[in-house]
Amino acid sequence: MADIEKRSMKESVVGALSNSSATAVNECPSRPPSVTEDDASFPDGGAAAWLTVFGAFLALFCSFGLLNSFGTFQTWYAEHQLSHYPPSTIAWIGSLQLWVFFFSGAFVGRLFDAYGPRVILLLGSIMLVFGTMMTSISTQYWEYILAQGVLVAIGIGTVFYPSLAAISTHFKRRRSTALGIAISGSGFGGVVYPIFYRQLFDRIGFAWTVRVSGFITLALCGVSVATITSRLPKSRADAPWFHTKVFRDAPFRLVVIGSILISFGLFIPFFYIVDYSTDDGISPQTAFYVLSVMNAGGILGRLAPACIADALGQFNIIVPCAFLAGLSMLVFWTFAHGLVAIMLFAILYGFFSGAFNALVVPCVVRISEVREYGTRIGVLYSIISFPALCGGPVAGAMLKAEGGSYLGMIMLGGATILVGSLFFLWARLTLARGLRDRV
């Protein structure tokens, strides 16, 4: 049972985003009053636009590299600095990190709408590097909570949200593709960084490994600050921080409800696939790479569906991808035994979950005014911070209550994702009833 607790929060995976509309299939005949995107002229390319995509890719690569690597940190802490603490207590460092990152969205999004991306990215980069360096010299539990759980998480949030919101101001017709390319950086970071930490911890020690990652973050974020721009002029800084009117928009309400349900179950496989693999008889050394395979599947999932969404519509693609993510949990994971079957599930689920993460922001942008991009994206992520925080611990409690059986946990996660996909379908039908409409 201790082993189950020890590995319960293995990897904090997040990932997110992309959007747009394009050619092929009928254009949606009508749009809700809240959508005034056509009032602005989007260049859909050019040096500034693609440099913004490049900078966002680098920012997400290094920031999510840290976020997605917590499982590696937890294993190291449990065997070294924090060996006198139970694994469930250590796991709260990663859980807090994930929650702070999500919850910061509303505040960072509002700052983006008021001041643009550059000043926020500069402060976020400083915070991210400072938190990483403080983690390298920490020795006490409360120090790891503050450095890794709070400072690093705030840094990730203030790098993540402005990067994606800035891309949305440059692109419309190819927005989903542009955002998909940027968010694939999080997938690459999720593959590279855990292996990076695992290899260097034993070679140069914990402190210098973390410092090296901090220097890498400094270099990559420096490029991001220099290349990410917003096409829009700054809005009034004294405008209200939160408008309740965003919840008067029916499609946005449905997207929020669907995202709450999906986020509750979406990260459960990322938390427990390594545990499941070892309990199925796979060696711990090999089981570790199952998670990397799942993250690798997410890279393709962030790219291919995003490109298709530019042609067919964001909601038309996110609905089946979310539905298939839930279905793969219920049907495939339930019966996946042996290395080959588990690897196939990891690739399949990584692909469809990555597609959801890449397309949820484009769906929000699709139904938002151009000057509300940052605020609405942030509000959505602040709200889903709570189910994202609760999903892993609830699954772990079910796993413990059922004596180590994964069936109940899998059923819960798959069911919430399936139901959440139906709310996205409802939102899509609210925008346009025709099956051939590009929405």
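Because the structure is predicted, anything quoted here is derived from the model rather than measured.

**Thoughts on the overall build of the protein**
Looking only at helices and strands, the protein features 16 helices and 2 strands. Every one of the 439 residues in the protein was classed for burial, and the buried ones make up 62%. In the protein, the proportion of contacts linking residues at least 24 apart, taken out of those at least 6 apart, comes to 87%.

**What about the packing of aromatic side chains?**
Following the criterion strictly, the structure yields 38 aromatic pairs and no others. With 6.1 Å between their ring centres and 70 degrees between their planes, Phe332 and Phe345 make a pair best called edge-to-face. Taken as a pair, Phe332 in helix α13 (residues 314-332) and Phe345 in helix α14 (residues 339-366) lie far apart in primary sequence, 13 residues in all. Each member of the aromatic cluster is reached from another via a ring pair, and the members are Phe61, Phe73, Trp76, Tyr77, Tyr144, Tyr193, Phe196, Tyr197, Phe201 and Phe206. Positioned above the aromatic ring of Phe252, the side-chain terminus of Arg376 is 4.9 Å from the ring centre.

**Observations concerning the packing of helix α11 (residues 268-279) against helix α12 (residues 284-312)**
The geometry of α11 relative to α12 is characterised by a closest axis approach of 8 Å and an angle of 150 degrees between their N-to-C directions. Compared by their axis directions, α11 and α12 come out roughly antiparallel. Judged by the twist between their axes, the crossing of α11 over α12 is right-handed. For the pair formed by α11 and α12, the contact residues are Pro269, Phe270, Ile273, Val274, Ser277 and Thr278 on the first element and Pro284, Ala287, Phe288, Val290, Leu291, Met294 and Asn295 on the second. Classifying every residue of the contact of α11 with α12 by side-chain character gives 10 nonpolar, 3 polar and no charged.

**Focus: the pattern of salt bridges**
If you walk through the whole model with that rule in mind, you get 1 salt bridge. When the shortest N-O distance is used, the salt bridge between Asp249 and Arg376 registers 3.0 Å. A residue pair is termed long-range when its members are at least 10 positions apart, and Asp249 in the loop between α9 (206-227) and α10 (250-266) and Arg376 in helix α15 (residues 373-401) qualify at 127 residues. Just as Asp249 is buried, Arg376 falls in that class too.

**Details of the nonpolar core**
Within the largest apolar cluster, 124 residues are counted, with the highest numbers of intra-cluster contacts made by Tyr77 and Trp333. With residues near it in sequence (within four places) discarded, Trp333 still touches Ile268, Pro269, Ile273, Tyr276, Ser328, Phe345, Met409 and Ile410.

**Comments concerning the state of the cysteines**
Within the structure shown, the criterion is met by 0 disulfides. Between Cys62, a free cysteine, and Cys221, which holds the nearest cysteine sulfur, the sulfur-to-sulfur gap is 3.6 Å. Here Cys62 falls in the buried class, since its relative accessible area comes to 0%.

**Here we look at the environment of Leu82**
Mapped onto the secondary structure, Leu82 falls in the loop between α3 (70-79) and α4 (87-103). Judged by its relative accessible area of 0%, Leu82 is buried. In this structure, the C-alpha to C-alpha distance between Leu82 and Tyr141, residues 59 residues apart in sequence, is 6.9 Å. What Leu82 contacts, discounting residues up to four positions off in sequence, is Tyr77, Ile90, Ile93, Thr139, Gln140, Tyr141 and Tyr144.

**Remarks on the confidence of the model for the protein**
Residues of the protein with pLDDT of at least 70 account for 88%, and the chain-wide mean is 84. Low confidence marks residues 1-40, where pLDDT is under 50. Its contacts with residues over four positions away, or in another chain, come to 175 contacts.

**Concerning the environment of Val212**
Mapping Val212 onto the fold places it in helix α9. Expressed as a C-alpha distance, the spacing of Val212 and Ser136, which sit 76 residues apart in the sequence, is 9.7 Å. Setting aside its immediate chain neighbours within four residues, Val212 contacts Phe196 and Ile204.

**Focus on the packing of α12 against α14**
For the pair α12 and α14, interaxial distance at closest approach is 6 Å and the crossing angle is 40 degrees. In terms of orientation, α12 and α14 fall into the oblique class. You can see that α12 and α14 cross each other, and the crossing is right-handed. Class assignment of the residues belonging to the contact of α12 with α14 gives a composition of 20 nonpolar, 7 polar and 1 charged.

The rules behind the values
- Residues numbered from 1 in each chain as written.
- Predicted model: local features only at pLDDT ≥ 70, side-chain atom pairs only at ≥ 80, totals over all residues.
- Heavy atoms only, no water.
- Helix = DSSP H or I, 4+ residues; strand = E, 2+ residues; numbered from the N terminus.
- Buried < 20%, exposed > 50% of the residue type's maximum accessible area, 1.4 Å probe, protein only.
- Contact = heavy atoms within 4.5 Å.
- Phe/Tyr/Trp six-rings, centres within 6.5 Å; stacked < 30°, edge-to-face > 60°.
- Lys NZ or Arg CZ within 6 Å of the ring centre and 35° of its normal.
- Axes fitted to C-alpha atoms, helices over the stretch in contact; angles between N-to-C directions.
- Parallel < 35°, antiparallel > 145°, perpendicular 65-115°, else oblique.
- Left-handed = near helix turned anticlockwise from the far one by under 90°.
- Nonpolar A, V, L, I, M, F, W, Y, C, P; charged D, E, K, R; others polar.
- Salt bridge = Lys/Arg side-chain N within 4 Å of Asp/Glu carboxyl O.
- Core = buried A, V, L, I, M, F, W, Y, C linked by side-chain atoms within 4.5 Å.
- Disulfide = S-S within 2.5 Å.
- pLDDT = per-residue confidence, 0-100.

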